[in-house]
Amino acid sequence: ITDTIIAINLNPIVPGPKVTGLINITDRVYHFLCQGNVLREKKLCDLLIEPPGLRNYGMFDLDKYMEIYEIGYNEAEKVLNNMDLTELKEKVKNKK
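What you are looking at is a predicted structure, and each value in this text was computed from that prediction instead of being measured.

1. Some points on the confidence of the model for the protein chain
The predicted coordinates of low-pLDDT regions are not to be read in fine detail.
Now for step 1: With 94% of its residues at a pLDDT of 70 or more, the protein chain shows a mean pLDDT of 81.
Now for step 2: When mean pLDDT is taken per element in the protein chain, helix H2 (residues 65-82) scores highest with 91 and helix H3 (residues 85-95) scores lowest with 73.

2. Some details on a nonpolar patch on the surface
Now for step 1: A grouping of Val19, Ile25, Val29 and Leu33 is seen on the molecular surface, where their side chains present a nonpolar patch of about 340 Å² in accessible area.
Now for step 2: If you trace the backbone, valine 29 turns up in helix H1 (residues 22-41).
Now for step 3: Residue valine 29 is classed as partly exposed on the basis of its relative accessible area of 44%.

3. So, H1
Now for step 1: Between its terminal C-alpha atoms H1 stretches 29 Å, which fits the 28 Å expected from 20 residues at 1.5 Å a residue.
Now for step 2: For H1, the full list of buried residues reads Asp27, His31, Cys34, Gln35 and Val38. Summarising the axial view, the buried residues of H1 lie within an arc of 120°, below the 170-degree limit, and thus occupy one face. In H1, the exposed positions that point more than 90 degrees away from the buried face belong to Leu22, Leu33 and Arg40.

The rules behind each value
- Residues numbered from 1 in each chain as written.
- Predicted model: local features only at pLDDT ≥ 70, side-chain atom pairs only at ≥ 80, totals over all residues.
- Heavy atoms only, no water.
- pLDDT = per-residue confidence, 0-100.
- Helix = DSSP H or I, 4+ residues; strand = E, 2+ residues; numbered from the N terminus.
- Patch = residues over 30% accessible without salt bridge, like charges linked within 9 Å, V, L, I, M, F, W, Y side chains within 5 Å.
- Areas by Shrake-Rupley, 256 points an atom, 1.4 Å probe, with all protein chains shown as cover.
- Salt bridge = Lys/Arg side-chain N within 4 Å of Asp/Glu carboxyl O.
- Buried < 20%, exposed > 50% of the residue type's maximum accessible area, 1.4 Å probe, protein only.
- Expected span 1.5 Å × (residues − 1).
- Arc of directions from axis to C-beta.

Have a look at this one:
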């Protein structure tokens, strides 16, 4: 069991062009619904990673799952490799 919670938000909300069409509107509504959960649950995380490259993907881009996986993995690796783990350890320690 670990005391450190690291999460990746795969559905960041970003400003964009006007949304038109049923599929795009459905996708945008889905993102807003998920964002409510993210806002509530990110308080439970010691580290939240939000890969900027995922902004170009929607919930219907299922055929691009490997691209999405690679973006999330690479961003997590980059964040963890460039991070001062002392700060994360202190945050976890103070949480207890």
